[in-house]
Structures are given as structure tokens and as C-alpha cells.
Amino acid sequence: MSWLLILLWILPAAVQMDLRPICFCRRPFQEQKDYYRPGDLIIGGNLPLSITKVLQLPLHQPPSDWDDYSLPVPKNYQHILALTFAIQEINKDPRLLPNITLGFRIYEENQYASMAQDVSLSFLSSRGKLFPNYKCDTQHDLLSVLGGLNSRTSYQMASIFGNFKISQLGYRFSDPVLRDKIRFPTFYQIDPQYHLQNAAIVQLLLYFQWNWIGIIVQKSESSDNFIQIFDATLAQNDICIQFVKQILPQITVFNILRREQIYLLWTILKSDAQTVIISGDSNSLQSLIVSLYIYEEENHTTSGKVWILTTQWEFSAIGYHYDWVKLKSLHGALSFTVHTNTVPGFKHYLWALNPHEPHGDIFLPKWWEVVFDCELLKAGLASPDGRRVCTGEENLDTLPASVFDGKMTSFSYSIYNAAYSVAHALHAAYTLESQQALKRGRNKPHLFWVKPWQIKTFLKNIDFNNTAGDEVSFSEKGMKYTGFDILNWVIFANMTILRQKVGWVDPGAPSAAHFSTDPNDIVWANQTKPFSRCVKHCLPGQVKKVAMGKPSCCYECISCPEGTISNQTGGRNNEGEMMLMANVPGILRPRSDFLISDAAHCDPCPEDKYPNKDKDQCIAKKIHFLSYQDILAYALVSLTLFLFVITLGVLAIFLKHCDTPIVKANNRDLMYILLVSLLFCFLSSFLFIGQPVNLICVFRQTTFAILFSLAVSSVLAKTVMVVLAFMATKPGNRAKKFLGKQLTNSIVLACPLVQVVLCAIWLVAYPPFLNLDFHSLVREIILECNEGSAAMFYTVLAYLGFLALISYTLAFLARKLPDSFNEAKFITFSMLVFCSVWITFLPTYLSTKGKSTVAVEIFSILASGAGLLACIFFPKCFIILLRPDLNCRENIMRHKNL
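Here is what the cut-offs are and how they apply
Residues numbered from 1 in each chain as written. Predicted model: local features only at pLDDT ≥ 70, side-chain atom pairs only at ≥ 80, totals over all residues. Heavy atoms only, no water. Pairing = 2+ DSSP bridges. Helix = DSSP H or I, 4+ residues; strand = E, 2+ residues; numbered from the N terminus. Axes fitted to C-alpha atoms, helices over the stretch in contact; angles between N-to-C directions. Contact = heavy atoms within 4.5 Å. Salt bridge = Lys/Arg side-chain N within 4 Å of Asp/Glu carboxyl O. Buried < 20%, exposed > 50% of the residue type's maximum accessible area, 1.4 Å probe, protein only. Parallel < 35°, antiparallel > 145°, perpendicular 65-115°, else oblique. Left-handed = near helix turned anticlockwise from the far one by under 90°. Nonpolar A, V, L, I, M, F, W, Y, C, P; charged D, E, K, R; others polar. Core = buried A, V, L, I, M, F, W, Y, C linked by side-chain atoms within 4.5 Å.

Draft legend 1. Representation of the sheet that holds strand 1 (residues 34-37). As summarised here, the arrangement of the six strands in space is 1-5-2-6-7-8, forming an open sheet in which the pairing is mixed. What marks the edges here is a single partner per strand, and that holds for strand 1 and strand 8 (187-189). The sheet shows a mean angle of 20 degrees between the axes of neighbouring strands, taken without regard to direction. Pairing of strand 1 with strand 5 (residues 102-109), which is carried by four bridges, proceeds in the antiparallel orientation. When the bridges of strand 5 are listed, R37 appears paired with F104. Sheet strands touched by helix 3 (residues 115-123): strand 2 (41-48), strand 5 and strand 6 (141-146). Its angle to strand 5, the strand with the most contacts, is close to 165 degrees. Most of the contacts of helix 4 (residues 151-161) go to strand 7 (residues 167-170), to which it runs at about 175 degrees, and overall it touches strand 2, strand 5, strand 6, strand 7 and strand 8.

Shown next as C-alpha cells:
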């Protein structure tokens, strides 16, 4: 006993052994039963097989005889067979390990992590001799160990094998301690890294739009670390956790009514989170299933939850016979498993098993009795309790696939690949030793020269293809995985269990193209996909708004601001069920009858589009301009043509009566110039109607400005002539010498010439151009002519106003001249109308947009031109047409009626 006390003293303090204050061991060291096959080098295995039938013992003390308290789980036996089959294949491969035979020593892993110490010490001792690290024989050296398959057992084993530099390939799950290569330099993880599994779960939640979930995790040293990291991953994707509960392992039917278990069950069932993620080992799953089963049987109902099971949950975690009944609670569950392929020859290896010839397999007879519900007895003996006697000819094909089949489970597949990895590492180590021996001139070394500690160096660089065609590789962290399969649990009324593959995911891939699932193949607990969200979806046109103090998933839906829409990311079928389509593998496509949005923000529409009434899509804006089809354009065109015809008529009257006194007295040439300029001014209105083009934009404002300058210059010349004519009648006034065509021609030519120069500068320096205004009108794009320079535009208008103001001022001052010169009164009125129109034009022009702006300018052109026409020419036409008796020289000189 003294050697054991010394060993326990040098082991790490983390070894969980209950020692009394005085120095003696509470329980003696127990060598476990093993499945042994000799070989030159030994690969050890500490693999789970059974679950406990009754767990009423104190948790700190394992049973004295494990066989009395355990029952084999059918599919767990695959773990053992996967290891033995791999070693058998390796020994048959002459290229991998020539002239050497691998053996194995397999122990059964149990629920008590403290017993992992006994198994580890047994590996380090000669078989049947309890002296760790002291071996009397020269063969059967331990090369590597596979196990355990939960983090607690792996931790206990790694604490021991690290000291002896024996490589261990086991399961770490989320335990961060085992990642410490200083403390555990020879431990390699063969389960998927938990951050990859977390990413796979997140992709599944996002696909089904579940953002309000619960988490149940097995209480352990690493559970807090797992929750912290998983919570951060979920938060990055706007997924909220309603509750997190830790469940104790090894809770039995007799302990279910404990306060903690009742509170856990109450929390799950009363929560509105319809999706619950469970992470832990098989014992935790068993206790949770029992709890749910009792509740559902007593209340004749189902929880209706969707259980998402992580890779830790192996289907074999469930017991046999009676425990299957409790699986009804998992109907509709989704689980992740490591992607596996069919291993050639494995099924035939299984079918060759014979319980009467176990060849040292101590686990086979008891397993056979369980799966076929019979009893193994010697020939000729009958079962004392009346059970059927096993013949050994029972056919494994008769077992349901949910009990046992020829395809490896994910755990078994990992063990199979791990065994091959050790063999490849041994081969690599031997190859390097051979090369170094040749360089030194030595003989080729034997494989026995390779030491176990050398395996560690080569294992992390292993990369090969296994017999199933999958790539197997290692890194410093452990075995690499290409992805996960998504399985759907279907429990039929006859308790037949089906786990059908409904999708796959590769979380290491950079895009969503490495995620695929078909929701139509999934069977749900309540027939329809559950709605696991804190609030209902926001409709299109709405955006999420998180209230202060509430989780980000419990948001309100508010309407998008004006000019924006919310993105469309989901759909709803005719019955109102939320769902997504995946017609193309790996690509998520929304249904055509889209009705949900859940947008995090509203997006503005492009400039050429505007939101519809519901703010869920952008509609193309219409092109806005003063079209000939508009009613307003009809009215303006009609008015333009009417004024043009009237002006043309007045011109015709003046031409016909050009020799009459009233026409001669009003300077015929100026009248003709004024009437022609008015004709073209009215016609210039057509430059503003219809769809504008660049050429029209360049010349329409300048054309209008020059024509009106000519018209106003003619009026100015006429006004000047009236004033000079009056001044010439006074004795001694020299104004008479200025009268004549020379002065009028100078005014008519010089004043428009200044406007021409201004327009030329405008066109050269800042030419107008065609412009699209997207913002002035909400639903239309204004197709307009941009003036190029507002300053030049207003300069041209100001010059017109300047000419009109001079004419108005001169005419106003001459309005009280003798009656023979009362032409000034008509010019005064015409200029008053002209100035009033264009003064009103400016604020109206600036306050309107689009076609209204163009209409205002056209109306100003027509109104000002009509004012000139009416005030100056209509009185004269009245006399010419209706009062010809007044159209004589004597009357013009005598009367006041002009």
C-alpha cells in the first residue's frame, strides 16, 4: 500500500480522491477487467459501454462491483468494436506498420471519474501486476491511449499520462483546462472544437429565425466557461437567452422530486422559449428525459419544445427496453453529429460476432444478452428464470437501426480515425528514425526503438485519407472536422425510433453556401415549426426598436421613416406559418408570398425610386415635365396660339391701314418691330413645353430674353420719341434735331445688343444643361433645364426690368402732356402691366417645382406680352376698325381721345 500513497502524493492536486486528514486511502486500488489482445505495442482504450441501473449510492463512492449496477447500452459497444476493427485493419496493412503487431487493452469507462485513475494506473502496469511504471516483461509497451469520452474522465487520465509522456486522444468538450499544453502536453482532442459546434447551432437558429432560446448545460468545472463563450456567440447574432440552467449528472428516478429538479422542469415548461439547447454528457440527458417523461405521463401532454442536442449526446446514451419509452419527449428534436461515412468491411466484422466464441472480449456476452433479450448458458442448460437461451445464431439484421446497425456512430468514427492516426504517427516516427540512422551510417532501426513520447511530436502533423475516403488530420489543438450532420428525431407510436438526416453544416466555411437543410423533411413535435421568438416578426415597412432595459430580442416594431423601407428577409405560407425555402442547397431563399421583415434598420430607396405606401419596396419614380398631354399644357398652348393669332391680326390691320394718320402718327416702323417681336415672344413659349433636351435647354432662356429685350426696346424708343416730340414744340428747344429714325433705330439696336452680349457670356461661361431632380418631388423625377448660373439668369431678367423701368418712368412723367401727345398714357399702362407680371413672377418661380415652374414662366411671358399688345394696340385698332371717322389728321390734332 505504501507505493500507492507515494504515487498519489506526486499526482496533481486535481485528482479527485477523498482523503481523510490522516494519511491512508479511503478505498483500495481496484484493477478493472479488460478486453486484451497481445501485440508488440499496445493501444489502450477507456471507452463507455454501460449506464447505471440504480444510482442511489453516494456520489463520492463507486460501487464495489460495477457489473451489479450497470447495463450495456447497445450502440456503445460500437466504440469498442471500432477500436478493435481499426487495429485489425492496421495489422493487415503491410505498408503502414511492417513486421509489427499492434495489440490493445480496453477498459470500460464508467460514471465515476475517480475510477479513471485506477484504469490509468492499470495501463501503466504489466497486466495482472499493480506496479505502475515497473514492468517485468519486455513487450506489451503502451503506445497510446484512447479515452475518455467525457471531459471529467479525460482530465483525470491526462493528469496521469502527461507525467509519463503517453499520448492520450480523448474528448475535451468545452473544458478550457485541457487546452493547456504545459499542464497536459500529450493530450489531443478528438471531439469537435466547441466554437465550431456553437457556430453550427447559430446557423441553424438563424435559418429558422429562432432568437429566444433556453440553454441547459451539465454542471461541471467547464460549464461556466461554455456558457460565457456561447452567450457571446449568440449575442453577436442577435439571439437572446431566456434562461440558463445547469443540470447535475447521475440524477435518478428517485431523485427527480428534489427541489432543484422540480425547479428546472418548471422553468423549462413555463418558458415561452420554444427552442432549448442541451449540452452535456449522456447521464445528464438520461435524467432530463426521465423528468420530462414523468411530467408528460402525469399530465397527458407534451412539452412542445424543440430540443437541440449537441454532439455530446450520442444516441447510445439512452438505455435499452424501458428507457426507450421515455424517449417520447424527444420527438421532433434536432441533433448535431460529426459527419461520418460508411467504413468498408465494418458491417461484416460486426456480423461475424459470436457470443460463444468471444476471443477474450469480456463485453460481448453481456451485450448479446441485452440486445437479444436472452441468456447465455452452456449447452443443455435451461434458464432458471425462464428466459430464452441465446443460441449465438441470432441475426443482427433483425435489430432496429436505432438499436444497432452497421454504420459507425460519430463517437465510434472518431475512435476509428484516432486509432489510425496513432498508427500513422508511429509510421512517421519510424521513417524519421530510419533516415537519421542512414545518415549516421547505422543499421536500419526497429520499430521498437520508437518511444511513446515521440508519437506526440508526429501526431499533430498527421494528414491522411481513411478507408471511408474522408480526410483525417490533426493540429496542435486536436483532430480536425469538416462539418456536422443535422438529424431529426422521430419517435413512432410503436416506439420505433428514427434519426433521419435533414441537413448538414460546415461552420468552418466562410459563407452560408456551406449550410443546407430541407425544412419540409423535418417532423416537429406539434406538427408545425415552433415560433421561438420573444416577440412577433416585424412586418415589412417596420424596423426593430429595443426598449430600454429589455433584451435585444424583445423589441418593438415601428414604421420606417419617410423615404426608407425595411429589408425583406423571410416569408409566410398561406396558413400563416413562418418559414424559409431552400430550393438550392446552401442558399436561403425567401418565399414569394413574403410577409415578414424583422429588419434591424431601414434602408433609403435609390434616387430614382420611392417607398410604396407600406414602405416594404421601392417603386420607380415617374419622369416629371410639362408634357403636351397635360391639361395645363393644353391651356397654355391654346392661350399661346390665341395671342399669336390676335397679334398676327393686329399686324395685318396695321399693314392694311399703314397709310392712315393714326398709324403714321405712331411710328409705323416701331409698331411693326414691336408686333413682330411679340409674335416671336408668344412662340417662344413652345420652347418650355414638352420633354426638354440639351439643345432646347441651352437656348430657351436666352431666346426669350433677347426677344423681350427687342420688344421693350421698341416701347422705350416709342416713349423717347413721344417725349422729344413734346419738347420740340417749345420755342428754342433743340430736341427737334434728335427726332427721326436714326434715334429710334439706335435704341432698338443698342438695347437688345446689350442683352445679346449678356446671353453670350452666359452661354460661354455657364451654359444651361439638362438636369434630373430626384429630391424635390417624392414620387417623381423632375426632368428640367438647369440654368447653369442663377446669377446670370437673374442678371438677364434684371436688364429687362431695367429697360421696362426706364420706359415706365418716362411714360409716367409724360402722362400729363398736352392731349395731342397722350400716347404716353398707354405706354405707362403697358409698362405697369409688364413690370407687375415679372415682379410677381420672381417669388412664384422660386416657390414652385417641376412643371409648375415652367408653367409660371410661360404664363408670365404670355401675360406680359398680352399686356403690351392690349395697352398699346387695342385702342388704335378700335379707332381703325370701329371709328374710322376719327382716323384723320385734324381729329388727331384736335381731340383728346387717343
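Okay, back to it.
Draft legend 2. Main features of the pattern of salt bridges. Counting across every chain of the model gives nine salt bridges. Across the pair D34 and R105 runs a salt bridge, and its minimum N-O distance is 3.4 Å. Remark: R105 occurs in strand 5 and D34 occurs in strand 1; sequence separation between them is 71 residues. With a relative accessible area of 9%, D34 lands in the buried category. A salt bridge links D373 to R387; the shortest N-O distance between them is 3.9 Å. Separated by 14 residues along the polypeptide, D373 in the loop between helix 11 (364-372) and helix 12 (410-439) and R387 in the loop between helix 11 and helix 12 bring together distant segments of the chain. For R387, a relative accessible area of 31% puts it in the partly exposed group.

Draft legend 3. Inspection of the packing of helix 14 (residues 631-656) against helix 16 (residues 668-683) at higher detail. Helix 16 packs onto helix 14 with a crossing angle of 165 degrees between their chain directions and a minimal axis gap of 9 Å. In this view, helix 14 runs roughly antiparallel relative to helix 16, as classed from their interaxial angle. Viewed along their axes, helix 14 and helix 16 form a crossing whose handedness is left-handed. Judged by residue contacts, T640, L643, F644, T647, L648, V650, L651, F654 and L655 of helix 14 engage M671, Y672, L675, V676, L678, L679, F682 and L683 from helix 16. Grouping the amino acids of the contact of helix 14 with helix 16 by side-chain chemistry returns 15 nonpolar, two polar and no charged.

Draft legend 4. The arrangement of the nonpolar core in detail. In this structure, Y77, L83, L102 and L169 are the most contacted members of the largest nonpolar core, which totals 71 residues. At 13 residues, the largest contribution of residues to this core is made by helix 12. In this structure, Y77 is in contact with L49, L353, D361, F363, L364 and W367, ignoring residues within four places of it in sequence.

Draft legend 5. Just the packing of helix 20 (residues 823-847) against helix 21 (residues 851-882), in detail. Two elements in contact, helix 20 and helix 21, have axes whose closest approach is 9 Å; the angle formed by their N-to-C orientations is 175 degrees. One finds that helix 20 runs roughly antiparallel with respect to helix 21. Residues that form the contact of helix 20 with helix 21 fall into these classes: 16 nonpolar, six polar and three charged.

Draft legend 6. Geometry of the sheet that holds strand 30 (residues 769-773). With mixed pairing, three strands are arranged side by side in an open sheet as 29-31-30. Only two strands of the sheet have a single partner each, and these edge strands are strand 29 (622-624) and strand 30. Within this sheet the neighbouring strands show an average axis-to-axis angle of 30 degrees, counted without direction. Bridge count for strand 29 against strand 31 (residues 780-786) is three bridges, and the pairing is parallel. The residue of strand 31 that forms the bridge with H624 is I782.

Just distances and angles here, no functional claims.
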